Amino acid sequence: MAKLELRGVVKRFGQVTVCDGISLDVEKGQTVCLIGASGAGKSTLLRCINLLEPIEDGEIFLDGEDISVPGLDPQGVRARIGMVFQSYNLFPHMTALENVMLAPRRVHGKSRAQLLPEIEALFQSFDLGDRMHNYPDQLSGGQQQRVAIVRALAMHPEVILFDEITSALDPQLVGEVLDVLLKLKKQGMTMILATHEMGFARQAADKVCFLKDGQIIEEGAPKELFDAPKRAETKTFLARALK
Ligand SMILES: Nc1ncnc2c1ncn2[C@@H]1O[C@H](COP(=O)(O)OP(=O)(O)OP(=O)(O)O)[C@@H](O)[C@H]1O
Ligand SMILES: [Mg+2]
């Protein structure tokens, strides 16, 4: 489980600066939550870390290695940094098992038979043992999201990025997905989450970062940030978010 360091990351879309010099340290095994209003730049920052968006300035280090140097093969980096999205993005014409096997087969060149024992165990440990052969539309939103997490784990990532992974779920299904995150935290996974789940951030984060207009304007342990925010902007945001 790797350490991640961002140094002065700048991302622009045309004239608009969406990440405005973001620096962030995520230690091995830490859970960092990114909070902030819609449009603050949380998703864009995660996409930059995963090299889905090229950055204009700054550096991103994964275990000390600069992964933001131009010309680096993004596939290699993406095999080391998992990402889970709000919309799960499972292929509808493949079973849960086939969805999970796809990337390890392609990227790591492993056969189904080689992968099966380990992947079966992953499904079982996330309470999906009897769902492996179902198609996505035969699964609840919470189950689909847990399959998407298993899919990320099957690649043995060093870090996983989660972008609002509970936002599309019915409220009664949110808990089962948050439980999976708590389990991963216990296992020592390094995780960065963009989240609107303030209760989860308070309970599980080692560090919470408040983003506004593409900058981290306040960060700290959840207790500090939620109970004694220093910046007026943080106070205003939390007053709305915690209502
Ligand atoms: N591909 C793109 N082209 C142009 N502008 C973009 C693009 N992607 C994002 N943006 C802009 O970047 C800004 C930050 O968007 P982003 O999706 O990162 O915010 P967010 O903090 O994740 O918001 P939310 O809480 O709604 O998910 C927004 O103003 C958005 O319109
Ligand atoms: Mg977003």
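Keep in mind it's a predicted model, so treat the numbers as computed, not measured.

Caption draft 1: Inspection of unusual backbone geometry at higher detail. Of note in this structure, Asp 63 is not a glycine but carries a positive phi near 50°. Unlike most non-glycine residues, Asp 213 shows phi in positive territory, near 50°. Within the secondary structure, Asp 213 sits in the loop between strand S9 (207-212) and strand S10 (215-220). On the basis of relative accessibility, which here comes to 57%, the residue Asp 213 falls in the exposed class.

Caption draft 2: Expanded view of the layout of surface pockets. Its volume calculated, the largest pocket comes out at about 690 Å³. If you trace the largest pocket, you find 20 residues lining it, with Arg 78, Met 83, Ala 103, Arg 151 and Met 155 closest to the centre. Within the residue set of the lining of the largest pocket, elements represented by two or more residues are helix H2 (74-80), strand S6 (81-84), helix H3 (96-108) and helix H5 (141-153). Counting residues per element, the lining of the largest pocket draws most heavily on H3, at five residues. Taken together, the residues that form the lining of the largest pocket break down as 12 nonpolar, five polar and three charged. For the second largest pocket, the calculated volume is near 220 Å³. Lining of the second largest pocket is provided by 14 residues; of these, Leu 51, Pro 54, Ile 67, Ser 68 and Val 69 occupy positions nearest its centre. For the lining of the second largest pocket, the per-class residue count stands at 10 nonpolar, three polar and one charged.

Caption draft 3: Here's a closer look at empty space enclosed by the protein. Summed over the entire model, instances satisfying the criterion amount to one cavity of 30 Å³ or more. Space inside the largest cavity adds up to approximately 50 Å³. Lining the largest cavity are Phe 162, Glu 164, Ile 165, Thr 166, Leu 178, Leu 181, Leu 193, Ala 194, Thr 195 and Glu 197. Mapped onto the lining of the largest cavity, the elements with two or more residues apiece are helix H6 (171-186) and strand S8 (190-194).

Caption draft 4: Broad picture of the site of ligand 1. All residues in the neighbourhood of ligand 1 are listed as Phe 13, Val 18, Ala 37, Ser 38, Gly 39, Ala 40, Gly 41, Lys 42, Ser 43, Thr 44 and His 196. Take Gly 39: an N or O atom from its main chain is 2.8 Å from an oxygen atom of ligand 1. Considering every element that reaches the shell around ligand 1, the biggest residue donor is helix H1 (residues 42-49), with three residues. Its residues assigned to classes, the shell around ligand 1 shows four nonpolar, six polar and one charged.

Caption draft 5: Highlighting the sheet that holds S10. Taken in spatial order, the six strands of this open sheet run S6-S7-S8-S3-S9-S10, and their pairing is mixed. Only two strands of the sheet have a single partner each, and these edge strands are S6 and S10. Adjacent strand axes in the sheet meet at a mean angle of 20° when their direction is disregarded. One ladder, built from five bridges, connects strand S7 (residues 159-163) with S8; its direction is parallel. If you follow Phe 162 over to S8, its bridge partner there is Leu 193. Contacts from H6 reach strand S3 (31-35), S7 and S8 within the one sheet, and its direction differs from that of S8 by about 150°.

Caption draft 6: Geometry of helix H4 (residues 112-125). Here H4 contains 14 residues, and its C-alpha end-to-end distance of 19 Å stays within 8% of the 20 Å for a straight helix at 1.5 Å per residue. In the structure, H4 departs most strongly from a straight axis at Glu 118, where the bend amounts to approximately 30°. Turning to H4, its buried residues are Leu 115, Ile 119, Leu 122 and Phe 123. Of the surrounding secondary structure, the elements contacted by the buried residues of H4 are H3 and H5. Where H4 terminates, the next one or two residues include Asp 127, which has phi positive at roughly 60°.

So, how was this worked out
- Residues numbered from 1 in each chain as written.
- Chains lettered and ligands numbered in written order.
- Predicted model: local features only at pLDDT ≥ 70, side-chain atom pairs only at ≥ 80, totals over all residues.
- Heavy atoms only, no water.
- Helix = DSSP H or I, 4+ residues; strand = E, 2+ residues; numbered from the N terminus.
- Buried < 20%, exposed > 50% of the residue type's maximum accessible area, 1.4 Å probe, protein only.
- 1 Å grid on protein atoms, 1.4 Å probe; cavity = no way out; pocket = protein on both sides within 12 Å on 5 of 7 lines; lining within 4 Å.
- Points joined across faces, edges and corners; volume = space filled by probe spheres on them.
- Nonpolar A, V, L, I, M, F, W, Y, C, P; charged D, E, K, R; others polar.
- Near = heavy atom within 4 Å.
- Polar contact = N/O pair within 3.5 Å; in protein donor to acceptor, adjacent residues only side chain to side chain.
- Pairing = 2+ DSSP bridges.
- Axes fitted to C-alpha atoms, helices over the stretch in contact; angles between N-to-C directions.
- Contact = heavy atoms within 4.5 Å.
- Expected span 1.5 Å × (residues − 1).
- Bend = angle between axes of the 7 residues up to and from the residue.

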